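Residues per chain, in single letters:
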Amino acid sequence: MAHTESSPPDRMTRSLFLCRHGHRIDMEQPQWYGDTDNRHDPHLSAQGIVQARVLARRLKNEPIAHIIASPYLRALETAHYIAEALHLPLSVEPGIGEWLNPAWMDADPQIAQPHERAARFAEIDPHYVPALAPIYPETWEQMQRRAATAIQGILARLDGNIVVVGHGHVIAATIAALTGAAETTLNIGLCSVTRLDCDGEAWQLERCGDISHLLRFARQASA
């Protein structure tokens, strides 16, 4: 269900914008893992920064009240550009962090705390209280339950439209938790936008994995 254009949410409808982070440095430079002490927390590549800036422009005119981001650097960097464009604070939520899959991570990733990130990301809200903290390691089912608990906590505590910047598998699990959609049918690309709308009773998947903003930018850049 991928729409190329966004229809504005109805005034009585609450919207949730789920965005994946941009292109990671280790996707461009596989040897990056040997150049850092924390191989589980890559930053954005130059391509990812461009994607994040384009995503921020895409969301700039949406009626968004809150921005929530995973504590991983690639998600925070992506969310930073959105917060900058919308002039909104940025709340860091470990509950929407990356799936702690032991096949990907041979140890509990040592992700910096929000107060440690605040020196770089001035938009971070120091007063935000996280919904929960994931526990390493996680099975697929544990990650699904964690994502569901985190998003329900966020929605219960915050009013208005919300942008969530996170990771592909966790976004898919979030969509499934709110709408019942099959995760295997969801395509969550880098810096894509998925929008869910709620009329007060149920969440509906309005648009999934939209990358039309990235495609328009690529066409303009090559013209």
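You'll find the structure just up there.
Predicted model only: the values in this text are computed from it and were never measured.

Engineer: Help me out: how do you make sense of the sheet that holds strand 1 (residues 14-20) in this one?
Structural biologist: Hydrogen bonds between backbone groups are what pair the strands of a sheet, and the pairing can be parallel or antiparallel. Strand order in the open sheet formed by 6 strands is 3-2-4-1-5-6, and the pairing between neighbours is mixed. Lying at the two open borders of the sheet, with one neighbouring strand each, are strand 3 (91-92) and strand 6 (203-210). Pairing of strand 2 (residues 66-69) with strand 4 (residues 162-166) involves 4 bridges; the strand directions are parallel. Counted as the bridge partner of Ile 68 is Val 164 from strand 4.

Engineer: Would you explain unusual backbone geometry in this entry?
Structural biologist: Among all residues save glycine, negative phi is the norm, and among peptide bonds the norm is trans. In this structure, Pro 137 follows Tyr 136 across a cis peptide bond, with omega equal to -10 degrees. Secondary-structure assignment places Pro 137 in the loop between helix 4 (114-117) and helix 5 (140-157). Phi at His 87 takes a positive value of approximately 55 degrees, unusual for a residue other than glycine. Inspection of the secondary structure assignment puts His 87 in the loop between helix 3 (73-86) and strand 3.

Engineer: Sorry, what's going on with the pattern of salt bridges here?
Structural biologist: Between side chains of opposite charge, pairing is possible as soon as their charged atoms come close. Tallied over the entire structure, the rule returns 11 salt bridges. Of the charged contacts in the structure, one is a salt bridge between Asp 26 and Arg 24, with a shortest N-O distance of 2.8 Å. Neither Asp 26 nor Arg 24 differs from the other in exposure class; each is buried. The shortest N-O distance in the salt bridge between Glu 62 and Arg 58 comes to 2.8 Å. You'll find Glu 62 and Arg 58 in the same group, each marked buried.

How each quantity is defined
- Residues numbered from 1 in each chain as written.
- Predicted model: local features only at pLDDT ≥ 70, side-chain atom pairs only at ≥ 80, totals over all residues.
- Heavy atoms only, no water.
- Pairing = 2+ DSSP bridges.
- Helix = DSSP H or I, 4+ residues; strand = E, 2+ residues; numbered from the N terminus.
- Salt bridge = Lys/Arg side-chain N within 4 Å of Asp/Glu carboxyl O.
- Buried < 20%, exposed > 50% of the residue type's maximum accessible area, 1.4 Å probe, protein only.

In short, geometric facts, not functional conclusions.
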